[in-house]
Amino acid sequence: MALVALAALLLSACSPAPSGGTSLAYGLTLAPTGIDPHLNASSELGIPLSSVYDTLVFQDPETGQFVPGLAEKWSITPEGRTYTFTLRHGVRFHDGTLFNAAAVAANINYILDPDNHSQKAIFMLGPLDSVEVIDDYTVALHLKAPFAPLLDSLSQVYLGMASPAALTKWGPSDYQFHQVGTGPYRFVEYIPNDHLTLAANPDYAWAPSVYRQSRPGIATITFRFYVDSATRALALENGQVDIVGEIPPQDAQRLTKTDRFRLYPIPIPGQPLEYFFNTRLAPTDDVKVRQALILGVNRTSIVRTVFGPYSPVAQGPLAANSLGFTSEFAFPDYDLAAAEQLLDAAGWVKEPATGERRRNGTALSLHIVAPDYGSNPEVAQLIEAAWKSLGAQVSLEIAPGFGQLKSLQQKGAYNAIGLNFFGTDPDQLRPFFAGQGIYNWTGLQDPAIDDLLNQASQSTLDPAARMKSYATLAQMVREDALLLPIRDYVDLVVANSRVQGLRFSAQGWFPFLIDLRLGP
């Protein structure tokens, strides 16, 4: 018996870290209105749920290459309109349902169903025409036109594979409370605005190469919400959470002066914090005015004031760590004299007595609409002050939530409005700059931009041509002065020093929970 016990101890010492007996608390910074990734759009939901779902492919955060996930291999037809996936055998969902080609078709049809009102995933599928189940473990996606971002889309949680049985049982209203994937963690419970709980999947045996561990090392992970940024550092210090993101810069500096905590500054690819100019409303319908308003804002000073030393100053419509970014057409630096000359040339002359600018007796009036998240209010206040110093009358309105932001945009009574999304493929710019784009809040209609964006999205087999298209777009955005870029996003994640193995996906926001371990 002693030899048997000794053998068991040796075996356990050589095994992966145990998935029992440990728990971890993770702080979330936004309470989404819905957390079904197939139907809802929040980045925050991906922090826990990227580990509940596996995807057909994964993107390696270090190389940017796509690697096998639930699909062992795939092929693309020469014209780029059919993707055929050979699926992994022996995978089961957390409820025991077998993963196969029929499950892939069920997931995509769930997303495409117009009655389900998918907010993001449906757009990530681009010009998808049909799903063909070729056999039990082969599935083909047929497109109406080539769509270069498709693999990127399929690597994200919004297109994660869910149990068809669970989707059918619970439906679009209740599935968010009963989510079932194939990932390293099982969904246990979700109480809105309070907590979300995951438990290790003991049967997980198909980890992709992007993970450094093949089995979860933490038995239970509980996510709690800390919407007020002032509460996050306190939650860490009091031991309420082990990890939390979007820590204010001053708190990050203070916390990491001790050995208790470690800072992880995570650059987020996608769009920077930025403000779009309304080209349909005076005075921002004049390109000279827009150019002046860009030159009249000291972006470097704003970034250092609000975000400390952690965030780069944004240079264009994409963050510097994003695919498609080019520094060739970086936005100009602060130049107050040049800004004033442009306003003078546009007919907006300063009155000596008041310092206000007027044209034909009308004051230079500007209205800013800012979101209430991501330090936008603080940034907007500094933009307001900068434009006032140019001689403009400026009003600022903070929109409490995305619904209100969109409502204010639809009214059209703004000159600059804040909005940005994140992502690893530059096709995310299309809804912002295409004439009929859902987020074309500049109002600009330019067929040349439409053609450019369409060409870029269809350059499936020519990455160099895609990058050239996005460089041209950056040039056009700068020349037309369509936006005011402020800072590239960096998520300041702070963790208790006992947390080991904290790594993030290519999207930046989403941790690889399977790799987490707890030290002494």
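Residues numbered from 1 in each chain as written. Predicted model: local features only at pLDDT ≥ 70, side-chain atom pairs only at ≥ 80, totals over all residues. Heavy atoms only, no water.

Colleague: Outline the pattern of salt bridges, listing residues and values.
Modeller: Going through the model one piece at a time under the given rule, you end up with 13 salt bridges. Two residues, Arg212 and Glu62, come together in a salt bridge whose shortest N-O distance is 2.8 Å. A residue pair is termed long-range when its members are at least 10 positions apart, and Arg212 in the loop between strand E9 (195–200) and strand E10 (220–225) and Glu62 in the loop between strand E2 (57–59) and strand E3 (66–68) qualify at 150 residues. With relative accessibility at 58%, the residue Glu62 sits in the exposed group. Across the pair Glu356 and Arg358 runs a salt bridge, and its minimum N-O distance is 3.6 Å. Each of Glu237, Asp251 and Arg254 takes part in salt bridges that share partners, so that together they form one network. (Salt bridge = Lys/Arg side-chain N within 4 Å of Asp/Glu carboxyl O. Helix = DSSP H or I, 4+ residues; strand = E, 2+ residues; numbered from the N terminus. Buried < 20%, exposed > 50% of the residue type's maximum accessible area, 1.4 Å probe, protein only.)

Colleague: Describe the packing of helix H10 (residues 299–307) against helix H12 (residues 376–389), and please don't skip the residues or the numbers.
Modeller: Viewed as axis vectors pointing N to C, H10 and H12 meet at an angle of 145°, and their least axial separation amounts to 10 Å. The handedness of the crossing between H10 and H12 comes out as right-handed. Facing Ile302, Thr305, Val306 and Phe307 of H10, the residues of H12 in contact are Glu378, Val379, Leu382 and Ile383. Among the residues making up the contact of H10 with H12, the classes are represented as six nonpolar, one polar and one charged. (Axes fitted to C-alpha atoms, helices over the stretch in contact; angles between N-to-C directions. Left-handed = near helix turned anticlockwise from the far one by under 90°. Contact = heavy atoms within 4.5 Å. Nonpolar A, V, L, I, M, F, W, Y, C, P; charged D, E, K, R; others polar.)

Colleague: Go over the pairing of strand E6 (residues 128–135), please, and point to the residues and values.
Modeller: Note: E6 against strand E7 (residues 138–143), six bridges, orientation antiparallel. Across the sheet, Val131 pairs through a bridge with Leu141, a residue of E7. What sits between the antiparallel neighbours E6 and E7 is a turn of two residues. (Pairing = 2+ DSSP bridges.)

Colleague: Residue-level account of the packing of aromatic side chains, with values.
Modeller: According to the stated counting rule, one finds 17 aromatic pairs in the structure shown. For the pair Phe276 and Phe432, a centre-to-centre distance of 5.5 Å together with 20° between the ring planes defines the contact as stacked. Separated by 156 residues along the polypeptide, Phe276 in strand E13 (residues 273–277) and Phe432 in helix H14 (residues 430–433) bring together distant segments of the chain. Like Phe276, the residue Phe432 is buried in the burial classification. Here the aromatic residues Phe276, Phe402, Phe421, Phe432, Phe433, Tyr439 and Trp441 are joined through ring pairs into a cluster of three or more. Just above the ring of Tyr489 sits the side chain of Arg487; from NZ or CZ to the centre is 4.2 Å. (Phe/Tyr/Trp six-rings, centres within 6.5 Å; stacked < 30°, edge-to-face > 60°. Lys NZ or Arg CZ within 6 Å of the ring centre and 35° of its normal.)

Colleague: So, the nonpolar core: which residues are in play, and what are the values?
Modeller: Membership of the largest hydrophobic core comes to 141 residues, with the highest contact counts inside it found for Phe85, Leu87, Phe99, Tyr275, Ile383, Trp387 and Phe433. It is helix H3 (residues 101–112) that provides the largest number of residues to this core, a total of six residues. Sequence-distant contacts of Phe433, that is, excluding residues within four places in its chain, are made with Phe276, Pro317, Ile449, Asp450, Leu453, Val477, Leu482 and Leu483. (Core = buried A, V, L, I, M, F, W, Y, C linked by side-chain atoms within 4.5 Å.)

Colleague: How would you sum up helix H13 (residues 402–411)? Please name residues and give values.
Modeller: Within the sequence span of H13, burial applies to Leu405, Leu408 and Gln409. For H13, the angular spread of the buried residues around the axis is 105°, confining them to a single face. The outward face of H13, more than 90 degrees from its buried face, is lined by the exposed residues Gly403, Gln410 and Lys411. Considering only its buried residues, H13 is in contact with strand E17 (365–371), strand E18 (393–399) and strand E19 (416–418). Where H13 terminates, the next one or two residues include Gly412, which has phi positive at roughly 80°. (Arc of directions from axis to C-beta.)

Colleague: Can you break down the sheet that holds E6 residue by residue, with the values?
Modeller: Read from one edge of the open sheet, four strands run E4-E5-E7-E6, paired in antiparallel fashion. The open sheet has two edge strands, strand E4 (71–76) and E6, and neither has a second partner. With direction set aside, neighbouring strand axes in the sheet form an average angle of 20°. Of the pairings in the sheet, the one linking E4 to strand E5 (residues 82–87) comprises five bridges and is antiparallel in character. Following the sheet pairing, Lys73 is matched in E5 by Thr86. On the sheet, H3 packs against E5, E6 and E7 and is oriented at approximately 160° with respect to E6.

Colleague: Hey, could you go over the environment of Gly181 for me, with residue numbers and the actual values?
Modeller: By the secondary structure assignment, Gly181 is in the loop between helix H6 (164–174) and strand E8 (185–191). In this structure, the C-alpha to C-alpha distance between Gly181 and Pro164, residues 17 residues apart in sequence, is 9.6 Å. Excluding residues that lie within four positions of it along the chain, Gly181 makes contacts with Val52, Tyr53, Phe93, His94 and Met161.

Colleague: A description of the packing of H3 against H6 should follow, citing residues and the corresponding values.
Modeller: When two helices pack together, their arrangement is given by the angle between the helix axes and the distance between those axes. Axis separation between H3 and H6 bottoms out at 9 Å; the angle between their running directions is 25°. Judged on the interaxial angle alone, H6 and H3 are roughly parallel. Residue-level inspection shows Ala103, Ala106, Asn107 and Tyr110 of H3 in contact with H6, the latter providing Pro164, Leu167, Gly171 and Pro172. Considered class by class, the residues forming the contact of H3 with H6 number six nonpolar, two polar and no charged. (Parallel < 35°, antiparallel > 145°, perpendicular 65-115°, else oblique.)

Colleague: Got a sec to walk through the side chain of Asp251? Specific residues and values, please.
Modeller: Mapped onto the secondary structure, Asp251 falls in helix H8 (residues 249–255). On the basis of relative accessible area, Asp251 is assigned to the buried category, the value being 14%.

Colleague: Hey, could you go over the environment of Gly245 for me, with residue numbers and the actual values?
Modeller: Relative to the helices and strands, Gly245 resides in the loop between strand E11 (243–244) and H8. In this structure Gly245 comes out as buried when scored by relative accessible area, which is 10%. Taking C-alpha positions, Gly245 is 8.9 Å from Tyr26, a pair spaced 219 residues apart along the chain. Not counting residues up to four positions away in its chain, the partners in contact with Gly245 are Gly27, Thr29, Arg232, Asp491, Leu492 and Val493.

Colleague: Requested: an account of the confidence of the model for the protein chain, with residues and values cited.
Modeller: On average, the protein chain scores 93 in pLDDT, and the residues at 70 or more come to 96%. Note that residues 1–20 has pLDDT below 50 and, in this model, 13 contacts with residues that lie over four places away or in other chains. (pLDDT = per-residue confidence, 0-100.)

Colleague: Give a description of helix H16 (residues 463–479) that names residues and reports values.
Modeller: Given a rise of 1.5 Å per residue, 17 residues ought to cover 24 Å, and the 25 Å separating the end C-alpha atoms of H16 matches this to within 8%. Among all positions in H16, only Arg466, Ser469, Tyr470, Ala471, Leu473, Ala474, Met476 and Val477 are buried. Residues of H16 that are buried in the fold lie against H14, helix H15 (447–458) and strand E20 (483–487). Taken from the residues just after H16, Ala481 is the one with a positive phi, measuring 50°. (Expected span 1.5 Å × (residues − 1).)

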